[in-house]
Amino acid sequence: RLEFVPAEKEALFYQVNQAILGNHGIDVQFAGIKFLESLVSEFSPSTSSAMGLPREFHEQCRRSLELDNLKTFYRWTQEAASRVTNRIIESDSAVPEPGSDWRDVLISSSHAGWLLSLYAALRLKFSCEGYWLDCPIAVSARKLIVQFCSLTGTVFLSDDGKMHEQHLLQLLSGIIEWVDPPDVVSKAIENGKSDSEMLDGCRALLAIANVTTPYAFDSLLKSMRPIGTLTFLSMLMSEVIKVLMTSNTEEETWSWEARDVLLDTWTAILTPINTINVNALLPSEGIKAAANLFGFIVECELRLASATAFNDEGDSDYLHASVSAMDERLSCYALIARASIDVTIPLLVRVFSERVARLNQGRGIIDLTETLEELYSLLLIIGHVIADEGEGEIPLVPNTIQTQFVVNAVEADKHPVILLSSSIIKFAEQCLSPEMRASVFSARLMESIIWFLARWSRTYLMSSDGIGEKIIDSGHHHEHSSKKALLCFFGEHNQGKLVLDIIVRISLITLASYPGEKDLQGLTCYQLLHSLVQQKHICVHLVTLNSWHELATAFSSEKTLLLLDTAHQRSLAQTLVRSASGIRNSEVSSQYVRNLMGPITTYIVEISSKNNFKSISQQPDILLSVSCMLERLRGAASASEPRTQKAIYELGFSVMSPILVLLEVYKHESAVIYLLLKFVVDWVDGQITYLEAQETAAVVNFCMRLLQLYSSHNIGKVNFFFSLKFRLLLFQISLSLSSSLLSEAKTDKYRDLRALLQLLSSLCSKDMIDFSSDSIEAQGTNISQVVYFGLHMITPLISMDLLKYPKLCHDYFSLLSHILEVYPETFAQLNSDAFAHILGTLDFGLHHQDADVVSKCLRALQALASYHYKETGSGNIGLGAHTVSLKDSSGSVQEGLLSRFLRSLLKLLLFEDYSSDLISVAADALLPLILCEQSLYQRLGNELIERQANPTLRSRLANALHALTSANQLSSSLDRINYQRFRKNLNSFLVEVRGFLRTM
Amino acid sequence: MSDEEHHFESKADAGASKTFPQQAGTIRKNGYIVIKNRPCKVVEVSTSKTGKHGHAKCHFVGIDIFTGKKLEDIVPSSHNCDVPHVNRIDYQLIDISEDGFVSLLTDSGGTKDDLRLPTDENLLSQIKDGFADGKDLVVSVMSSMGEEQICALKDIGPK
């Protein structure tokens, strides 16, 4: 280790070396290698080890090891390898990214060649004994060869890659034997040969692809075979897929793994296709190879689809799971397809129309299930090939589609991508006919259609990038003409509006005519419709469509859509309200929202004012429709935008009293209560910043009453649950209140409380962001009072148990630190119970493992202490009685809050574990605490010093403590500069003393 | 509960519907459902399809709210299921008679004397012991599809 002087180190290593070279017999030799292995593995990873030593120490060791010894070890091991070959890799596998100083051993020594010939020789020798491929020496030799493939960078001479190429050629000449010819190799594996060598071959190809350009990759094989590497890769992969399709099992076979590795290889080669021209990226032979491979992939996927068409589906999330699990694979297929887009798109057009023709011929005559499943797969593949996912952004037309087609603008409708898109849309449109629906459009097929339309429309439908004009300006006519033709064709002045109308009508069909098909409807709501209204220029057209108004009417006044899943209804309400942004006139858009949501508020108002509401409220039908309406209100509330804000305010205003009635009536229906709270949260959140003083007063009042009512229902309940734990026998519980129910009840509480905290936070934000014309104080509304009152009611409900829910904990402490920072004065006015409770939670938060929570608590502390310090400085009482130590009834001393936190913060800083990011926040809290409680701080400091037995450390500690409060001209004011100085001081203080304080 | 009692109690429900139809796809966990003519609380819902291109079906697992028995059902998700109307009313416990009936105080000040003690041993002994200790007890009575049963107990007396 580091402590050894170099001579000792050398001596030790000499011993080891002797051992390895076998001078002391085989056992010692083995032990020597083991020693090296453990040394290398202990120090090569840059993480700290289980030994618990600081990371930096390790870092030092690792560096010195790498500099001085690793290379030597490597030599020794290599020498030793000639005698004990089977341990060769054990230290090699730890080779970190080697630089130029490794060149002599790794490259120039032709170690790779030696290893390859060793492996080849052994392989030949043991060729009749199948087990050999899996024995340790073979496995580790191959592993090392794969590692050699991935060598790159300065380890090679900078000679235009010649040395690297030579190196790879040498390796490939050995590796190729493992995988070539593909059909013979795969047959041998199917007949029982070990698959490990073949898989390592695939991995080596991946490693080479990762460190070469596609051109260089392709040319490697040409010196030993008549074909390029890409063509070989295509053949190899076809073979693997063939095996995969014929075996067709759920188990992970070798062909699974080989396919994944080879797909990764293609991805490594083809990823640049998204930015550069295909012809510049690939040799023409490679493009052809990709085209052949994709053709074969499509053939196999279709065969697989029809073979599994009759399988039962057990899992309800199947579509979702299958799309996202297949997504990676399909994206890679898409890359392969895009490498030869002018061959593959026409292929897809042909295959798709063949299947559609088959449907039309066979409809009503034969069972079409297989064809349906083929179309399902095909739509997923096509969707991936012609459009990107975009991940929340508007995706561009894929690069190769933009650049590979030469299209004459006059014949735009002959563009293969337009042909393909149009034929799919035309096919999808047929689902509007009831007969076609009954005979062809199964729910699953519709799922793929909706998925496709959602993905496709994000790229192509009424694309807003105004590319048409820009291209003409920039003069790149040819290059972009394909993109231009595409976007114009489906643009707003051409087919765009027609297609949009078709999409809306199909959506209405899936929502209304596929009862109970939750997944399909979820896709329609969340993927398709949602992404349409995200784009304003599409909304402009949406709101002019009759079909969109039909959808809105169906939503607001027909029964069918009440059968949708309640969460889907929320999303639909949000979508429909959001589309109002496409209406230019703000009065008209408000009217649209009123028409849409009017029947829903009317329902809530009417039902809550019924005389017998209380007695019918529990009926399942009433319960269901109330839940639906609340979800819809929430959806509308969350879609609030400046233009529709007034209408949505009115909407919420009209249901204020009914909401309170519902809160009372459904106090035992936690699910309804939650919906109700969430609606209020979203509504207040969307509205608060826009409200005028009078409206604010009304909203704040309403929230107050809501909070009061809620806490009056729930205080008892929470207490009841607590007592349950401790006094199980006294508070008799029934069978139905079993432990699972208890935890369910707790989860309900958790969700409710979190909603309430969010409500308070939104209310708080009014003091920060306010777009109204007059000040809210004009109406005598004091937000801090309201929030405090709310906190007063909620804190008793927040237990330490509930704070174990991370999200709740997070929300609670954000709110707390915000309130304490902004309104410390009101805090002083809280009653002692609430005060004590909040302090208790602060204490809890201070020792939380989440650094974010701790820093929020520290901010809160800083706010409290600095408020007190400033107030008392100017002669006020500040936090007053809360800071004084008291004797409670049992005679024990209750420390004042500031002393208590000074003590616990110091303890935390000196003796406990925390993230170093927290030190500056902690400094900001510590400074005002010290200033408030000077004498206690002195006392604590002295105690620390006295406890230190070692005189050196003792004086170090004393000096450090002194420096903490005096260095850098620290003064006793609480301004920015002083805080900064103290941060520095605390940092150096902790560096100085924490090490020995913690370990002594 | 025996069958005869259904007769008596159904009178109390006269006019009110015992169950409501609701689309199977909209029934959620923790809701109620009628399975084999018994009111159940839904503890598990899963959906599946008859073959990939068939219709969706819902698979329900319910617990009989009175007997605690587990029941299962499979329904196409577009079809309607019966959902029972389940009501809970709290009454103060006045008396336990020797033949196992209880006497409860209604909101209107009258008494309700047609309920037996629950069969669940745990709850039963809690009620009996609490009553013997002279505590003020409130019982929750759950009723559905013409059946009633004491399902929970609260002590409202001073600690």
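Computed from a predicted model, the values in this text were never measured in an experiment. The numbering scheme is per chain: residues are counted from 1 as the chain's sequence reads. To label them, take the chains in the order written and letter them from A, then take the ligands in the order written and number them from 1. This being a predicted model, a pLDDT of at least 70 is required before a residue's local features are given, and a value of 80 or more before pairs of side-chain atoms are given or counted; all residues contribute to the totals for chains, interfaces and linings. Note: side-chain values were computed over all heavy atoms of the structure, leaving out hydrogens and water.

Turning to the overall build of chain A, a few remarks are in order. For helices the rule is a DSSP run of H or I covering at least 4 residues; for strands it is a run of E covering at least 2, with both sets numbered from the N terminus onward. Counting secondary structure elements, chain A contains 47 helices and 2 strands. By the burial criterion, 54% of the 1000 residues in chain A qualify as buried. Type-normalised accessible area, obtained with a 1.4 Å probe on protein chains alone, sets the label of each residue: buried when under 20%, exposed when over 50%, and partly exposed for intermediate values.

The next point concerns unusual backbone geometry. Residue and element names in this part refer to chain A. Here Asp 180 and Pro 181 are connected by a cis peptide whose omega angle stands at -5°. The residue Pro 181 is located in the loop between helix 8 (162-179) and helix 9 (182-190) in this model. With a phi angle near 50°, Gln 969 is a residue other than glycine that sits in the positive phi range. Secondary-structure assignment places Gln 969 in the loop between helix 46 (951-966) and helix 47 (976-999). Overall, the relative accessible area of 62% leaves Gln 969 in the exposed class.

Further remarks concern the UniProt feature "domain: Translation initiation factor 5A C-terminal" (unreviewed entry) in chain B. UniProt positions are given in the numbering used here, feature names are shortened, and annotations may be inferred rather than shown by experiment. The UniProt record marks residues 85-154 of chain B with the feature "domain: Translation initiation factor 5A C-terminal" (unreviewed entry), using the residue numbering of this structure. The distance from the first to the last C-alpha atom of residues 85-154 of chain B is 23 Å, and the span holds 17% helix and 54% strand.

Take the packing of aromatic side chains next. All names here are of chain A. Side-chain rings of Phe, Tyr and Trp, where Trp is taken by its six-membered ring, are said to pair if the distance between their centres is within 6.5 Å; with planes under 30 degrees apart they count as stacked, over 60 as edge-to-face, and otherwise as tilted. Scanning the entire structure with this criterion turns up 11 aromatic pairs over all chains. Here the aromatic rings of Trp 456 and Phe 490 are separated by 4.8 Å at their centres, their planes lie at 90°, and the arrangement is edge-to-face. Taken together, the residues span a long stretch of sequence, with Trp 456 in helix 22 (residues 443-460) and Phe 490 in the loop between helix 24 (477-489) and helix 25 (496-513) at a distance of 34 residues. An identical accessibility class is assigned to Trp 456 and Phe 490; each is buried. To sit over a ring, a charge needs its Lys NZ or Arg CZ within 6 Å of the ring centre and within 35 degrees of the ring normal. For the cation-ring pair, Arg 259 lies above Trp 256, with the distance from its terminal atom to the ring centre recorded as 5.1 Å. Lying across the ring of Phe 901, Arg 900 places its NZ or CZ 5.4 Å from the centre.

Residue and element names in this part refer to chain A. For every domain, the bounds stem from an assignment made automatically or drawn from a database. Domain annotation of chain A identifies domain 1 (6-90), domain 2 (115-309 + 323-427), domain 3 (428-465 + 482-564), domain 4 (566-722 + 743-804) and domain 5 (832-884 + 892-999). On the domain 5 side, the residues contacting the 6 residues of domain 4 number 7 residues. Using a 1.4 Å probe, buried area is obtained as the accessible area two parts lose upon being combined, added over both of them. A combined buried area of about 580 Å² lies between domain 4 and domain 5, and 80% of that area is made up of carbon and sulfur atoms. Of all residues in domain 4, the largest losses of buried area upon contact with domain 5 belong to Thr 795, Met 800 and Leu 803, amounting jointly to 68% of the total for that side. A pair is scored as a salt bridge if a Lys or Arg side-chain nitrogen falls within 4 Å of a carboxyl oxygen belonging to Asp or Glu. Across the domain 4-domain 5 interface, the total number found is 0 salt bridges. The term polar contact refers here to a pair of N or O atoms within 3.5 Å; inside protein, the definition further demands a hydrogen-donor-capable atom paired with an acceptor-capable atom, and it admits residues adjacent in sequence only when both atoms are side-chain atoms. Counting across the interface, domain 4 meets domain 5 through 0 residue pairs in polar contact (both at pLDDT 80 or more). Its residues assigned to classes, the side of domain 4 that touches domain 5 comprises 4 nonpolar, 2 polar and no charged. By definition in these notes, contact holds between two residues if any of their heavy atoms fall within 4.5 Å. Throughout, the ten residues Ala, Val, Leu, Ile, Met, Phe, Trp, Tyr, Cys and Pro are labelled nonpolar, Asp, Glu, Lys and Arg are labelled charged, and all others, Gly among them, are labelled polar.

Moving on to the domain arrangement of chain B. All names here are of chain B. By the assigned domains, chain B splits into domain 1 (19-84) and domain 2 (86-155). Taken over C-alpha atoms, the centre of domain 1 sits 30 Å from the centre of domain 2. Of the roughly 780 Å² buried where domain 1 meets domain 2, counting both sides, 67% is carbon and sulfur surface. Summed over the shared surface of domain 1 and domain 2, the result is 1 salt bridge.

Attention shifts here to the state of the cysteines. Only a pair of cysteine sulfur atoms within 2.5 Å qualifies as a disulfide here. The full count for this structure, using the stated rule, is 0 disulfides over all chains. Free cysteine Cys 431 of chain A: the closest other cysteine sulfur is in Cys 525 of chain A, separated by 15 Å. The thiol sulfur of Cys 151 of chain B is not disulfide-bonded, and the nearest other cysteine sulfur, from Cys 40 of chain B, lies at 15 Å. In this structure Cys 151 of chain B comes out as buried when scored by relative accessible area, which is 9%.

On to the environment of Thr 47 of chain B, then. Its place among the elements puts Thr 47 of chain B in strand 3 (residues 38-49). A residue is classified by how much of its surface remains accessible, and Thr 47 of chain B, at 24% relative accessible area, is partly exposed.

Here, the residues flagged by UniProt with the feature "domain: Exportin-1 C-terminal" (unreviewed entry) are residues 796-865 of chain A. In this annotation, residues 796-865 of chain A is assigned 74% helix and 0% strand; the end-to-end C-alpha distance for the span is 24 Å.

The next thing to look at is the nonpolar core. Nonpolar cores were defined as sets of buried Ala, Val, Leu, Ile, Met, Phe, Trp, Tyr and Cys residues, with membership established by side-chain atoms within 4.5 Å. Among the nonpolar cores identified, the biggest contains 305 residues, and Ile 386, Tyr 460 and Trp 548 of chain A are the most heavily contacted of them. For this core, the element with the most residues is helix 22 of chain A, which contributes 11 residues. The residues contacting Ile 386 of chain A, other than those within four sequence positions of it, are Arg 338, Ile 345, Pro 398, Ile 401, Val 417, Leu 420, Ser 421, Phe 452, Trp 456 and Tyr 460 of chain A. If you look at the next biggest cluster of nonpolar residues, it comprises 14 residues, including Leu 123, Val 141, Ile 150 and Leu 153 of chain B.

Bringing helix 34 (residues 656-665) of chain A into the picture now. Within helix 34 of chain A, 7 of the 10 residues are buried, which leaves it mostly tucked inside the rest of the structure. Every buried residue of helix 34 of chain A is listed here: Met 656, Pro 658, Ile 659, Leu 660, Leu 662, Leu 663 and Val 665 of chain A.

Another point: the packing of helix 45 (residues 934-947) of chain A against helix 46 of chain A. Residues and elements named next belong to chain A. Each axis is a line fitted through C-alpha atoms, and for a helix only the stretch in contact is used; angles between axes span 0 to 180 degrees, taken between their N-to-C directions. Relative orientation of the contacting elements helix 45 and helix 46 amounts to 160°, with a least axis distance of 9 Å. If you check the angle between helix 45 and helix 46, you find them roughly antiparallel. You can see that helix 45 and helix 46 cross each other, and the crossing is right-handed. In contact with Tyr 937, Gly 941, Leu 944, Ile 945 and Glu 946 of helix 45, helix 46 contributes Arg 954, Leu 957, Ala 958, Leu 961, Leu 964 and Thr 965. For the contact of helix 45 with helix 46, a count of residues per class yields 7 nonpolar, 2 polar and 2 charged. When describing relative orientation, an angle under 35 degrees is termed roughly parallel and one over 145 degrees roughly antiparallel, while 65 to 115 degrees is termed roughly perpendicular and anything else oblique. Crossing handedness: left-handed means the near helix sits turned counterclockwise from the far one by under a right angle, and right-handed means the same turn made clockwise.

As a further point, take the pairing of strand 7 (residues 86-96) of chain B. Residue and element names in this part refer to chain B. By this definition, two strands are paired if DSSP reports at least two bridges between them. Inspection of the sheet shows strand 7 paired to strand 10 (residues 137-144) by 7 bridges, in the antiparallel sense. Paired with Val 86 across the strands is Ser 144, a residue of strand 10. Bridging between strand 7 and strand 8 (residues 101-105) involves 4 bridges; their strand directions are antiparallel. Across the sheet, Gln 92 pairs through a bridge with Leu 105, a residue of strand 8. Adjacent in sequence and paired antiparallel, strand 7 and strand 8 are bridged by 4 residues, among which Gly 100 carries a positive phi angle near 90°.

All right, on to the environment of Ser 547 of chain A then. Residues and elements named next belong to chain A. As for its placement among the helices and strands, Ser 547 is situated in helix 28 (residues 546-557). Residue classification places Ser 547 among the buried residues on the basis of a relative accessible area of 3%. Taking the C-alpha atoms as reference points, Ser 547 and Ala 755, separated by 208 residues in sequence, lie 36 Å from one another. Those residues within four positions of Ser 547 in sequence are excluded, and the remaining contacts are Asp 501, Val 504 and Arg 505.

Right, let's get into the side chain of Ser 817 of chain A. Residue and element names in this part refer to chain A. With respect to the element layout, Ser 817 can be found in helix 39 (residues 806-822). Looking at Ser 817, its side chain comes within polar contact range of the main-chain oxygen of Ser 814, at 3.3 Å. In this view, Ser 817 contacts Lys 856, Arg 859 and Ala 860; residues no more than four positions away in its chain are not counted.

Let's shift gears to the sheet that holds strand 5 (residues 70-76) of chain B. Residues and elements named next belong to chain B. The 4 strands lie next to each other as 2-3-4-5, forming an open sheet whose pairing is antiparallel. Looking at which strands have only one partner, the edges of the open sheet turn out to be strand 2 (32-35) and strand 5. Between one strand and the next, the sheet's axes are offset by a mean angle of 45°, whatever the strand orientation. For strand 3 and strand 4 (residues 56-64), the ladder comprises 9 bridges, and the chain directions are antiparallel. Among the inter-strand pairings, Ser 48 is bridged to a residue of strand 4, identified as Lys 57.

Before going further, it helps to spend a moment on the pattern of salt bridges. All names here are of chain A. As enumerated under the stated definition, the model contains 36 salt bridges over all chains in all. For Arg 634, the salt bridge identified is with Asp 682, shortest N-O distance 3.1 Å. In this pair, Arg 634 is assigned in helix 32 (residues 620-638) and Asp 682 in helix 35 (residues 670-687), connecting sequence segments 48 residues apart. Of the residues examined, Arg 634 reaches a relative accessible area of 12% and is grouped as buried.

Moving on: helix 20 (residues 416-429) of chain A. The span expected for a helix works out to 1.5 Å for each residue beyond the first. Here helix 20 of chain A spans 20 Å end to end across 14 residues, near enough to the 20 Å set by a 1.5 Å rise per residue. For helix 20 of chain A, the complete set of buried residues consists of Pro 416, Val 417, Ile 418, Leu 420, Ser 421, Ile 424, Ile 425, Phe 427 and Ala 428 of chain A.

Right, let's get into the confidence of the model for chain B. Residues and elements named next belong to chain B. Each residue carries a pLDDT value, the predictor's own confidence for that position, ranging from 0 to 100. When pLDDT is averaged along chain B, the result is 82; 86% of the residues meet or exceed 70. No element of chain B has a lower mean pLDDT than helix 1 (residues 3-12), at 39, and none a higher one than strand 2, at 94. Here the complex is predicted with pTM 0.78, and the ipTM for its interfaces comes to 0.77.

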